[in-house]
Amino acid sequence: MSKSGALDLATGLGGKIKKQEVQSAVQQYEKYHVCFGGDEETRKANYADMVNKYYDLATSFYEYGWGESFHFAHRWKGESLRESIKRHEHYLALQLGLKAGMKVLDVGCGIGGPLREIARFSSTSITGLNNNEYQISRGTELNHSLGLSDSCNFVKADFMKMPFADNNYDAIYAIEATCHAPDAVACYKEIYRVLKPGQCFAAYEWCMTDNFDPNNQIHQRIKAEIELGNGLPDIRSTTQCLEALKLAGFEVLSEKDLAADSPVTWYLPLDTSQFSLTSFRLTPIGRFITRTMVKALEFVHLAPAGSERVSSFLEKAAEGLVEGGRMEIFTPMYFFLAQKPVSDS
Ligand SMILES: C[S@@+](CC[C@H](N)C(=O)[O-])C[C@H]1O[C@@H](n2cnc3c(N)ncnc32)[C@H](O)[C@@H]1O
């Protein structure tokens, strides 16, 4: 059953963190980031702690405001946000040529929205790999309630050291997840290792585009806001991702920033100058209501202390994402399809 009501938001907030420890977890999380005096090195060295804290704190907000799939999407005019999200998932399945009987891995699977959709769309069995216990417990409940426990399952592990044998999967994908890796080459090498020779890995990566200027203070501020609001150690450029894939041993079959030709901008749902009834919770009024409600629930102790601060760094993230999208210095949909060569030479 979907948990997208106000009370679900309040009770889920903090994930597996004890309710009385949420406030200090928020402080510790914030301190990792530039906006609060943190640095990239510390974020990378402590990536598992930082990312897990982030998803414990943010998951119920994601579910409340966005749904079961935690990603953006290429969008056609006339398409609703939900429709575009599903189509974005189907696109990956088509690019990977998924067929019944294939054994598929979803790297960094969230609560499993994409893997349930892709498993139904392609008649495949999909394992979701995720390091966040709270998300796995939500995903398992949803698999069960939707009757998908046979085709969809989860494994709790770090994608930097996967508990799988070499040459194990027929296809692997990652949706807006490997951006959390402290080292892209090491992460892609792990994916390469567990993929069968001749098979493909496809992903949507969060990247800074070629328009990003590291010497521009505004660009740097936006990048830091996106990192803070999304639990990221450092956002890589599209070129760095491409290089990392090749260094890991992959042959890149195609790559493209899908944001560049999306008729409806991916950040539209977060853009406060827009209004939408179907994505009401993301509009300025919807966000004001959420903020006020979280404050009230925290006041009456239905939501843990620190909840309002989570809502506030997620607001910052939304502002950074919209600015980064408008200036075309950032994309959440750098797509690539990469193949593991048949012979490992
Ligand atoms: C933005 S969410 C995307 C989730 C999912 N792909 C979706 O689109 O709904 C990123 C996901 O990556 C997972 N993740 C981040 N770092 C990870 C790591 N080191 N190992 C495994 N999963 C990780 C997070 O727990 C989260 O589920």
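Only a predicted model underlies this, so the values are computations on that prediction, with no experimental measurement involved.

**Quick notes on the overall build of the protein chain**
Scanning the protein chain from N- to C-terminus turns up twelve helices and seven strands. Against the globule reference of 20 Å for 345 residues, the protein chain gives a C-alpha radius of gyration of 19 Å, in line with a compact fold. Along the first, second and third principal axes, the C-alpha atoms of the protein chain reach 60 × 50 × 45 Å. Taking all 345 residues of the protein chain together, the buried fraction comes to 57%. Nonlocal contacts in the protein chain, meaning residues at least 24 apart in sequence, comprise 77% of its contacts between residues at least 6 apart. With the model as given, the accessible surface of the protein chain reaches about 14,500 Å², and the carbon-plus-sulfur share is 54%. Here the protein chain contributes 36 positively and 43 negatively charged side chains, and the mean placements of these two sets differ by 4 Å.

**Remarks on the site of the ligand**
Residues in contact with the ligand amount to 21 residues; listed here are only the nearest, Phe70, Gly108, Asn130, Gln135 and Phe159. Between the ligand and the protein, one listed contact pairs an oxygen atom with a backbone N or O atom of phenylalanine 70 at 2.7 Å. A distance of 2.7 Å separates an oxygen atom of the ligand from a polar side-chain atom of asparagine 130. Here the ligand has 590 Å² of accessible area as a free molecule, and 98% of this is covered by the chains. Take the shell around the ligand: its biggest share by element is three residues, from helix H4 (residues 47-65). Its residues placed into classes, the shell around the ligand shows ten nonpolar, nine polar and two charged.

Conventions used here
- Residues numbered from 1 in each chain as written.
- Predicted model: local features only at pLDDT ≥ 70, side-chain atom pairs only at ≥ 80, totals over all residues.
- Heavy atoms only, no water.
- Helix = DSSP H or I, 4+ residues; strand = E, 2+ residues; numbered from the N terminus.
- Rg over C-alpha atoms; globule rule 2.2 N^0.38 Å.
- Buried < 20%, exposed > 50% of the residue type's maximum accessible area, 1.4 Å probe, protein only.
- Contact = heavy atoms within 4.5 Å.
- Areas by Shrake-Rupley, 256 points an atom, 1.4 Å probe, with all protein chains shown as cover.
- Lys, Arg positive; Asp, Glu negative; His and termini not counted.
- Charge placed at Lys NZ, Arg CZ, Asp CG, Glu CD.
- Near = heavy atom within 4 Å.
- Polar contact = N/O pair within 3.5 Å; in protein donor to acceptor, adjacent residues only side chain to side chain.
- Nonpolar A, V, L, I, M, F, W, Y, C, P; charged D, E, K, R; others polar.

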